[in-house]
Amino acid sequence: MKNGFSVIIKRFIVEGIIEKWKLFLFVILLFVSIDFIFVKNVSNIFNESELNVKVGIADMFMNLFLGNPPFSSEENQGINIQMIWFVFHSLIFSFVAYYATNDLKNGSYIFLIKIKSKIMWWLCRVLWCAVFVLIYYFLFFIVSCAFACLFGSISFTPNQNIAGAFWELDLTGLSNYQFWFSVFFLPLIISIAISIVEVTICLVLKPILSLIIVIGYIIVSEFYSEPYLLFNYIMILRDNFMGIKNINNEAAFFIAVSIIAFCSIIGSTIIKKKDMI
Amino acid sequence: MKICIENLTKKISKNVVLDNINLDLFGGNIYGFVGRNGSGKTMLMRAICGLILPSQGCVKIDDKIIGKDMSFPPNAGVLIEYPGFISSYSGFKNLKIISSIQKKISDEDIRKAMIEVGLNPDEKKNYRKYSLGMKQKLGIAAAVMENPKLLILDEPFNALDEESVNKVRNIILEKSNEDNIIIISCHDYEEINMLCNKIIKLDSGKVVNIRENFIEV
C-alpha cells in the first residue's frame, strides 16, 4: 500500500508539476512582472524623498494580497478588481482543473489496477493539490526574495511608509506573526482548500464547469465582504489582518482545514462509485 | 480462476453500451472478443477490470464482486487503448515504477519482458518519443511482465509489424495455463482463430454468439 501511494504521488508530481515546467516558467515571468512594476512604482514615489525607502519581501506580499474594498451601491462607484490578485488565484485553479482528472483519460488505469484502490488515487490527488499550490506560492516567495536582494531589502517586516503612501494602511501594532499569517499561511491554506474543492467537483462535473464555479466564487468574493466567502480573508483591505465580521483569521484557517478534511472524505465516497475512464 | 458476469448492463449518458450480459469465463482458456466497432468489446473488458461499474448486474471474480468486495481484480494485467505511461521516462523506467507497486518481479524480469515484445531495455529514449508500435509493445510488456492470472489485451496487434505480431502471439500462448484467463479482442479473425479456444461475439452491447474453437496443435 505504501509503495502504491509513493508511486502514484510520484507520477502526479512528475506529470502534473515537473513536466509542466513551461507553465511554471510563465508563472515566474508573471511574478517577475508583478514585482518589477511594484518596485518601480515605489522607486518613483520615493525617489525624491529624503526617506530611504526600500521594498522588502513583506511589501511585495502585501502588494499581491491587498485585494479591494467591497462593492457598495450607495457610493455610486464601480468595483475596482485588483487584477494581479485575481490573475494570481485564477491561474492556480486553471492549472488544477486541467490536471484534475486528465490522467484518467490518458490511460492511468495501468497504475490504478496495480494499486487496486480508487481511494488511494483520490488521496494522492488531494496531496498533489496541496503540493502544487505550495510550489506556486513558493515561486512567488523566491521571485520576491530575488527582487528584494537586487533592488530592495531583505525585510520580512512591512514598511509603514509604503503601506501609508500606497494604500493608506496603518500598520501600527501589527506583529510579524499577524502579518505573515494573513499574507502567507492563510492565503496558502485557503488556496489549497479551494483547489481541493475544485478537484472534488471535477469528480462529478467536467473540469471546465468546476473552474467556472470556482472563478464565479472568486468574483462574488470581490463584490461582497462575508465570512463564508473565504477569498475575503486573502484581501488585506477586507480583513485588515484581523478577520471578517467577528470571524478572525485563525478561525478562517481552521475552516479551510476542515474543508480539506471534508472534501477528502466526500471525494473518497464519490470515487468508489465513479467510472475510471 | 473464474469470472461470472451476471445480468451486466451499463448505461452511459442514456446510451446502453452493455445490455444484459451473462457470461462465465474459466481458467485455462483464451477468450476472443469479436464484433464491429462500438459493439461493446472494450466496455466489457473495462467492466471486468473494474474501470467501469455496472448500472445493473455484477461481475464476480472468484465469487468476489467487483465494485463491492474489491475495486479491481486481484492479479490482472491489462492493455486497453494506450496506457498512460510517464512521457518523460524511458520504457524501462516506466515498467520499473509500475513493478515497484507490487514488487513481484526483478529488473531482470522487466528486461526479459521488454526483449520478448521486441523492445530494447537499454533504450534511453523517453516514452513521448516512442512510435505507436513501440508504445503498443510497452503496453503489452507492462500487462504480461508480472505473470498475471487475468490477462486482458484489447487489440494487442494494433500498429505492430509482422515480426512483432508473431512475438506477441507466442507470448499469449506461453502465458496460457490452467489457472489463467486470457481475454483478447481483435478485428483480425485469423489471429482470433489461431489463439482463442472460445470466441465470443458481441453486437450492440449484447453477446450474440459463443463458440468453441478447436485449435490444432
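Notes on the structure follow. Note that this is a predicted model, so its numbers are computed, not measured.

1. Quick look at unusual backbone geometry
Residues and elements named next belong to chain B.
Then comes step 1: One non-glycine residue, Asn 20, adopts positive backbone phi at about 50 degrees.
Then comes step 2: Inspection of the secondary structure assignment puts Asn 20 in strand β2 (residues 15-26).
Then comes step 3: Look at Ser 204: it is not a glycine, yet its phi comes out positive at around 50 degrees.
Then comes step 4: Mapped onto the secondary structure, Ser 204 falls in the loop between β9 (198-203) and β10 (206-212).

2. A look at the packing of helix α1 (residues 2-16) of chain A against helix α2 (residues 91-102) of chain B
Then comes step 1: Where α1 of chain A contacts α2 of chain B, the two axes come as close as 7 Å, and the packing angle between them is 150 degrees. Classified by the interaxial angle, the pair formed by α1 of chain A and α2 of chain B is roughly antiparallel. In this structure, the crossing between α1 of chain A and α2 of chain B has a hand that is left-handed. Here α1 of chain A contributes Asn 3, Gly 4, Val 7 and Lys 10 of chain A to the contact with α2 of chain B, which in turn contributes Ile 97, Ser 100 and Ile 101 of chain B.
Then comes step 2: Considered class by class, the residues forming the contact of α1 of chain A with α2 of chain B number three nonpolar, three polar and one charged.

3. Thoughts on the nonpolar core
Then comes step 1: In this structure, Phe 65 of chain A together with Leu 44, Ile 48 and Ile 183 of chain B are the most contacted members of the largest nonpolar core, which totals 171 residues.
Then comes step 2: At 17 residues, helix α7 (residues 118-151) of chain A tops the list of elements feeding residues into this core.

4. Side note on the sheet that holds strand β4 (residues 56-61) of chain B
Strands in a sheet are paired, the pairing made by backbone hydrogen bonds, and the direction either parallel or antiparallel.
All names here are of chain B.
Then comes step 1: If you trace the four strands from one edge of the open sheet to the other, you get β2-β1-β4-β5, paired in antiparallel fashion. Both edges of this open sheet fall to β2 and β5 (64-65), since each of them pairs with a single strand only.
Then comes step 2: Two strands pair when backbone bridges link them, and strand β1 (residues 2-12) and β4 are joined in this way by five bridges, in the antiparallel orientation. The residue of β4 that forms the bridge with Ile 3 is Ile 61.

5. Focus: the interface of chain B and chain A
Then comes step 1: Opposite the 34 residues of chain B that make contact, chain A presents 27 residues.
Then comes step 2: With both chains or domains summed, chain B and chain A bury close to 2600 Å², and 62% of this area falls on carbon and sulfur atoms.
Then comes step 3: Among the residues chain B hides against chain A, the three largest losses belong to Leu 51, Phe 72 and Ile 101 of chain B. Together they make up 26% of the total.
Then comes step 4: Connecting chain B to chain A are two salt bridges.
Then comes step 5: With a shortest N-O distance of 2.7 Å, Lys 10 of chain B and Asp 275 of chain A are connected by a salt bridge.
Then comes step 6: Put simply, chain B and chain A have ten residue pairs in polar contact (both at pLDDT 80 or more) between them.
Then comes step 7: Of all the secondary structure elements, the ones that give two or more residues to the side of chain B that touches chain A are α1 (41-49), β6 (76-79) and α2 of chain B.
Then comes step 8: Residue contributions to the side of chain B that touches chain A peak at five residues, all from α2 of chain B.
Then comes step 9: Here the side of chain B that touches chain A is composed, by residue class, of 21 nonpolar, seven polar and six charged.

Definitions and cut-offs
Residues numbered from 1 in each chain as written. Chains lettered and ligands numbered in written order. Predicted model: local features only at pLDDT ≥ 70, side-chain atom pairs only at ≥ 80, totals over all residues. Heavy atoms only, no water. Helix = DSSP H or I, 4+ residues; strand = E, 2+ residues; numbered from the N terminus. Axes fitted to C-alpha atoms, helices over the stretch in contact; angles between N-to-C directions. Parallel < 35°, antiparallel > 145°, perpendicular 65-115°, else oblique. Left-handed = near helix turned anticlockwise from the far one by under 90°. Contact = heavy atoms within 4.5 Å. Nonpolar A, V, L, I, M, F, W, Y, C, P; charged D, E, K, R; others polar. Core = buried A, V, L, I, M, F, W, Y, C linked by side-chain atoms within 4.5 Å. Buried < 20%, exposed > 50% of the residue type's maximum accessible area, 1.4 Å probe, protein only. Pairing = 2+ DSSP bridges. Buried area = accessible area lost by both parts, 1.4 Å probe. Salt bridge = Lys/Arg side-chain N within 4 Å of Asp/Glu carboxyl O. Polar contact = N/O pair within 3.5 Å; in protein donor to acceptor, adjacent residues only side chain to side chain.

Such coordinate-based values are descriptive only and should not be taken to indicate function.
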